[in-house]
Amino acid sequence: MNRLEGKVAVVTGANSGVGAAIAKLFAAEGATVVMTARREAALEEVSAQIEEAGGKTFVMATDISKPDDPERLMAAVEEKYGKIDVLVNNAGILESGLKPVDRFTDEDLDRIIETNQKGTMRCMRAATKRMKAGASIVNIASVAGEKGCGGAVYVSTKAAVIGVTKHTALRFQAEGIRCNAICPGTIVTPMVAGTTAADMDADMMGAMATHSNLRTQPCMPEDVANIALFLASDESRALTGQIMVSDFGAML
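The sections below set out a description of the structure shown in this document. (Residues numbered from 1 in each chain as written. Predicted model: local features only at pLDDT ≥ 70, side-chain atom pairs only at ≥ 80, totals over all residues. Heavy atoms only, no water.)

### Topic: the sheet that holds strand 4 (residues 86-89)
One open sheet holds the 7 strands; their spatial order is 3-2-1-4-5-6-7, and the pairing between them is parallel. Two strands bound the open sheet, and with one partner strand each, they are strand 3 (56-59) and strand 7 (243-246). Averaged over all pairs of adjacent strands, the angle between strand axes in this sheet comes to 20°, irrespective of strand direction. Sheet topology note: the strand 4/strand 5 (residues 136-140) ladder contains 4 bridges and is parallel. Bridge pairing in strand 5 places Val 88 opposite Val 138. Contacting strand 2 (32-36) and strand 3, helix 2 (residues 40-52) runs over the sheet at an angle of about 170° to strand 3. (Pairing = 2+ DSSP bridges. Helix = DSSP H or I, 4+ residues; strand = E, 2+ residues; numbered from the N terminus. Axes fitted to C-alpha atoms, helices over the stretch in contact; angles between N-to-C directions. Contact = heavy atoms within 4.5 Å.)

Spelled out as C-alpha cells, the structure:
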C-alpha cells in the first residue's frame, strides 16, 4: 500500500479496460489519478468507483488524436497540481480483422497512427516539459509491436511506441526521468470484446498460430496494471528504456 503516495499520475484511456484497472490500482496506492479519455461519461463512472473507495481523481476529457489536446491536458494538470510524476500512455485503438501488410487500408493507417503513435508522442512531449527527476513514463505497447503478430497498421504503431520509449529513456536519462513500456499479449478488454475468428484475416491467423501458442491464457487488465504500478513506483528506479512482454510466455 501507499507505493504512489503523494504522486500525481496521468492515465490516458482510463475509461475502461487496462486504463481503468491502472487508475483504480494507482489510486488505491495513494496517487492522485488524472483520468482522461474521449468519453467523459465513462470516465466519470470509473472515477465515482475510485472515489467511493477513498481514492482521489480528476477527470478531463481529452482526444489525444487531436494535436492540441495533450498540451491542453498537461497544462491543466500542472496548473491544478503543480507537477506530473507519472504518465501512463494507455489510450489506443485497433483496426478490425488483423489486416496484413498486403491488405491494410489507408483509412486505418491514418486513423490508428494519429492515436497510437502521434497521440502517445504528443502526450510525452507535453508531459516531459513538466516532469522532474524521479518521474516515470509507462507506455502500454503490445506484443504485436515486439513480435509482429497482429494487423500491419496496429503492429507498426506499437513498434513505434517501443522505439520512442527507448528514445525517450535515452533523452531524459541524465535528468532522472524514466520511460519504460509494457507489451501485453492477448488481453481481455472491451476493445476486443465480440471479436471472433471469422472476423480475422485467415492468412494472418495462420502465421500467428505457427509462431505462438494461441491457447495460452490471456492477460487480464489487472495483470497489466500490476506491472504498470511497479514501473511507476520508486521500486523500479533503476529501470529505464526497458520493454516488458506480459503474455504468459505465448510468444517465447
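Having seen the structure, we can now continue with the description.
### Notes on the pattern of salt bridges
This model, assessed by the stated rule, comprises 13 salt bridges. For the salt bridge of Asp 234 with Lys 7, the shortest nitrogen-to-oxygen distance reads 3.5 Å. Residue Asp 234 is found in the loop between helix 8 (221-232) and strand 7, and its partner Lys 7 is found in the segment before strand 1 (8-12); the two are separated by 227 residues along the sequence. Asp 108 is the salt-bridge partner of Arg 111, the closest N and O atoms lying 3.0 Å from each other. Of this pair, Arg 111 and Asp 108 both sit in helix 4 (residues 106-128), separated by 3 residues, roughly a single helical turn. For Arg 111, a relative accessible area of 37% puts it in the partly exposed group. A relative accessible area of 8% means that Asp 108 is categorised as buried. One salt-bridge network, in which partners are shared between bridges, spans Glu 71, Glu 78, Lys 129 and Arg 130. (Salt bridge = Lys/Arg side-chain N within 4 Å of Asp/Glu carboxyl O. Buried < 20%, exposed > 50% of the residue type's maximum accessible area, 1.4 Å probe, protein only.)

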